[in-house]
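# A structural walkthrough
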Amino acid sequence: MKIASLLAAAALISLSSAGGAAASPASAQDDFLARLNALCGQRFEGRVVTTDAADVRFASERLIMHVRDCSADEVRIPFAVGSDRSRTWVVTKTDAGLRLKHDHRHEDGTTDVLHW
């Protein structure tokens, strides 16, 4: 499960690395979400780059993130590990900053113990 967080962080950090002058926190959040929204509808394939034993299952699977369900305040990014499509990353703008949560569900739609 650690790899999902790492992959999410890497994807999100790459979005925020576009150069420019330092902005206010609120402006930086808006800019980040605008860049994330610009990717809406696109899919990206990743791979495991660690040798951590906890990530061995992910290393043998195809990893796909699909940026979709986009708005100015929230973006949902379903994350598939092979045929397992139980995960969705949710980036939300809050008064305190940006929040990254992990919506994890079973095949029948019920929430997993790892939800949020």
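Residues numbered from 1 in each chain as written. Predicted model: local features only at pLDDT ≥ 70, side-chain atom pairs only at ≥ 80, totals over all residues. Heavy atoms only, no water.

Counted according to the given criterion, the structure contains eight salt bridges. Two residues, Arg62 and Glu45, come together in a salt bridge whose shortest N-O distance is 3.2 Å. Of this pair, Arg62 sits in the loop between α3 (56-59) and β2 (63-66) while Glu45 is found in strand β1 (residues 43-46), placing the two residues 17 residues apart along the sequence. Glu45 matches Arg62 in its accessibility class, with the two residues each being exposed. The residue Asp84 makes a salt bridge to Arg57 at a minimum N-O spacing of 3.5 Å. Linking Asp84 in strand β5 (residues 84-94) with Arg57 in helix α3, this pair joins segments that are 27 residues apart in sequence. With relative accessibility at 40%, the residue Arg57 sits in the partly exposed group. Beyond isolated ion pairs, a larger network of salt bridges with shared partners links Glu74, Arg76, Asp103 and Arg105. (Salt bridge = Lys/Arg side-chain N within 4 Å of Asp/Glu carboxyl O. Helix = DSSP H or I, 4+ residues; strand = E, 2+ residues; numbered from the N terminus. Buried < 20%, exposed > 50% of the residue type's maximum accessible area, 1.4 Å probe, protein only.)

By size, the foremost hydrophobic cluster in this structure holds 14 residues, and its most contacted members are Leu36, Ile77 and Phe79. With four residues, strand β4 (residues 74-81) is the single largest residue contributor to this core. (Core = buried A, V, L, I, M, F, W, Y, C linked by side-chain atoms within 4.5 Å.)

Here we take up unusual backbone geometry. In the Ramachandran plot, Asp69 falls in the positive-phi region, its phi being about 50° despite a non-glycine side chain. Locating Asp69 in the fold gives a position in strand β3 (residues 68-70).

For the rest of this paragraph, the subject is the packing of aromatic side chains. Evaluated as defined, the whole model comprises two aromatic pairs. On the basis of an interplanar angle of 35° and a centroid distance of 6.3 Å, the ring pair of Phe58 and Phe79 is categorised as tilted. Of this pair, Phe58 sits in helix α3 while Phe79 sits in strand β4; the two residues are 21 residues apart in sequence, bridging distant segments of the chain. Neither Phe58 nor Phe79 differs from the other in exposure class; each is buried. With 4.6 Å between their ring centres and 20° between their planes, Phe79 and Trp89 make a pair best called stacked. Linking Phe79 in strand β4 with Trp89 in strand β5, this pair joins segments that are ten residues apart in sequence. A relative accessible area of 2% means that Phe79 is categorised as buried. Accessibility expressed as a relative area gives 4% for Trp89, which makes it buried. Grouping aromatic residues by their ring pairs yields a cluster made of Phe58, Phe79 and Trp89. (Phe/Tyr/Trp six-rings, centres within 6.5 Å; stacked < 30°, edge-to-face > 60°.)

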